[in-house]
Amino acid sequence: FIMLVFIIGTQLLSVMSSMIFWWLINPKQRFSRISLILSVFVINNIFLIYGLSQFWRERFHVYLVISILQGFMIYAGLITAIIAIIYTRFFKRKIDNVAIRGFAFAVYTGIISLAVFNAYAPVVHHLAVKTNKNLAKPMKIALVSDTHLGRWFGNRQIDKMVALIDEQSPDVVLIAGDVMNDSTDAYDKTNMHEHLSALKAPLGVYATLGNHDYSGNEVAIAKAIERAGIQVIDNKSIWLNDAVLLVGRSDATDPKRPAAADLMSDIQTDKPVLFLEHSPDALEEIKGLPVDLHLSGHTHGGQIFPLTVLLKWFTPLIYGFKEVNGSQFLVTSGYGIGAVPFRLGTRSEIWLITLQST
């Protein structure tokens, strides 16, 4: 079914792209028109076949990039059409064909530039979270998620992440899964270890694994993370300075993943409890437990419009902060980009959380 959706979607994109190219080029001869339409369909389906030959892996990511660039073309076409309608009705004049085509190209370039900027220019968000449990002094927590270290995202972005986190001087750094993009291939090939190992904090750096880490290479990924000085805490509990209990849980794709209640069964404390995992899907499961703050990522906030809106219909909390039954939840849109080097409607981010007593 999923493949059928991609096949139908590719053909629809081919139709829309053909229409846009037709308008831009304005072919006069019948042969030129037929050649244009056939070229778009053939090229699109070559990329589709190439992508499906390695479904949801590197080749498929290339197909997604091509598809998204065509989607941006449709956005540019719609924006241009709206501006043209407003202009002609307001000024009562026809628009020069060369000018409107130039405007459309500028809009398209602008959309791509914005999407790349959002992906590679991270921002730091600050959040103060209060607990009614005993906490002698505030604790500063840096939350990162979905770095997806791989071909599109590597050493330069790791260095930027380390610099941004160092500027905030957190007590502890937490990584909520999808540290790598399916394997350690690019990580090893480009010596990302040297850069990731620079990530440090007084109380340590901790990570849980995500669905892209549990992709058949979870053992190699976990070892690579731990060699960088980051402790993997899947289904483990760690005391932070004997002041805050940090509970980590593996991703839902882990067949041995325990229920949250089982992880919390032996925990009896009047001190704050942090619960770190990759996905926010467990909101209903967590809200009845003595968890002060649940931290997760996975959703990418939708990453690219219109998913930024559509995912809100299917996910209890796609992005941001929410309080339910005394437990507080924070879902980050992530620092990395996953399969494609674009963000539209979201931005690469780090959260700096200050946990303090009321």
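Preceding this paragraph is the structure being described.
1. Comments concerning the pairing of strand 10 (residues 320-324)
And then number 1: When strand 10 meets strand 11 (residues 327-331), the two strands line up antiparallel, connected through five bridges. Its bridge partner being in strand 11, E323 is matched across the sheet by Q328.

2. What about the sheet that holds strand 3 (residues 172-176)?
And then number 1: One open sheet accounts for six strands, arranged 1-12-2-3-4-5; its pairing is mixed. Each end of this open sheet is capped by a strand with a single partner; those strands are strand 1 (123-131) and strand 5 (231-232).
And then number 2: Looking at chain direction, strand 2 (residues 139-144) and strand 3 are connected through four bridges and run parallel. If you follow I141 over to strand 3, its bridge partner there is V172.

3. Some thoughts on the sheet that holds strand 11
And then number 1: Taken in spatial order, the six strands make up an open sheet running 6-7-8-9-11-10, and their pairing is mixed. Here the strands that pair on one side only, and so sit at the sheet edges, are strand 6 (236-240) and strand 10. Each adjacent strand pair in this sheet contributes to an overall mean axis angle of 20°, direction not counted.

4. Regarding the packing of aromatic side chains
For any pair of aromatic rings, the description consists of the separation of the ring centres together with the inter-plane angle of the planes.
And then number 1: Tallying each qualifying case throughout the model produces 13 aromatic pairs.
And then number 2: Residues F90 and F91 carry aromatic rings whose centres are separated by 4.9 Å and whose planes lie at 85° to one another, so their mutual orientation is edge-to-face.
And then number 3: Overall, the relative accessible area of 63% leaves F90 in the exposed class.
And then number 4: F91 gets classed as partly exposed once you look at its relative accessible area, which sits at 45%.
And then number 5: Ring geometry for Y319 versus W351: centroids 6.5 Å apart, planes at 55°, classification tilted. Taken together, the residues span a long stretch of sequence, with Y319 in the loop between helix 11 (307-310) and strand 10 and W351 in strand 12 (residues 349-357) at a distance of 32 residues.
And then number 6: A relative accessible area of 8% means that W351 is categorised as buried.
And then number 7: Through a chain of ring-to-ring contacts, the aromatic side chains of F6, F55, F60 and Y63 assemble into a single cluster.
And then number 8: The ring of W23 carries R101 above its face, with NZ or CZ at 4.8 Å from the centroid.
And then number 9: Across the ring face of W239, the terminal group of K271 is positioned such that the distance to the ring centre comes to 5.6 Å.

5. Thoughts on the side chain of H294
And then number 1: With respect to the helices and strands, the residue H294 is situated in strand 9 (residues 293-296).
And then number 2: With relative accessibility at 1%, the residue H294 sits in the buried group.
And then number 3: A polar side-chain atom of H294 sits 2.7 Å from a polar atom in the side chain of E277.
And then number 4: Excluding anything up to four places from it in sequence, H294 contacts F275, E277, S279, P280, I286, Q328, F329 and L330.

6. Some remarks on the environment of A201
And then number 1: Looking at the secondary structure, you find A201 in the loop between helix 7 (192-196) and strand 4 (205-208).
And then number 2: For A201, a relative accessible area of 18% translates into the label buried.
And then number 3: Each C-alpha atom, one on A201 and one on N97, is 58 Å from the other, the two residues being 104 residues apart in sequence.
And then number 4: What A201 contacts, discounting residues up to four positions off in sequence, is P170, D171, V172 and V173.

7. Thoughts on helix 1 (residues 2-25)
And then number 1: For helix 1, with 24 residues, the first-to-last C-alpha span of 34 Å sits near the 34 Å given by 1.5 Å per residue.
And then number 2: Of all the residues in helix 1, the buried ones are F6, T10, L13, S14, S17, S18 and I20.
And then number 3: In this structure, the buried residues of helix 1 make contact with helix 2 (30-52) and helix 3 (58-91).
And then number 4: Positioned one or two residues after helix 1, N26 has a phi angle of 55°, which is positive.

Parameters and conventions
- Residues numbered from 1 in each chain as written.
- Predicted model: local features only at pLDDT ≥ 70, side-chain atom pairs only at ≥ 80, totals over all residues.
- Heavy atoms only, no water.
- Pairing = 2+ DSSP bridges.
- Helix = DSSP H or I, 4+ residues; strand = E, 2+ residues; numbered from the N terminus.
- Axes fitted to C-alpha atoms, helices over the stretch in contact; angles between N-to-C directions.
- Phe/Tyr/Trp six-rings, centres within 6.5 Å; stacked < 30°, edge-to-face > 60°.
- Buried < 20%, exposed > 50% of the residue type's maximum accessible area, 1.4 Å probe, protein only.
- Lys NZ or Arg CZ within 6 Å of the ring centre and 35° of its normal.
- Polar contact = N/O pair within 3.5 Å; in protein donor to acceptor, adjacent residues only side chain to side chain.
- Contact = heavy atoms within 4.5 Å.
- Expected span 1.5 Å × (residues − 1).

Interpretation in functional terms is not warranted from these geometric data alone.
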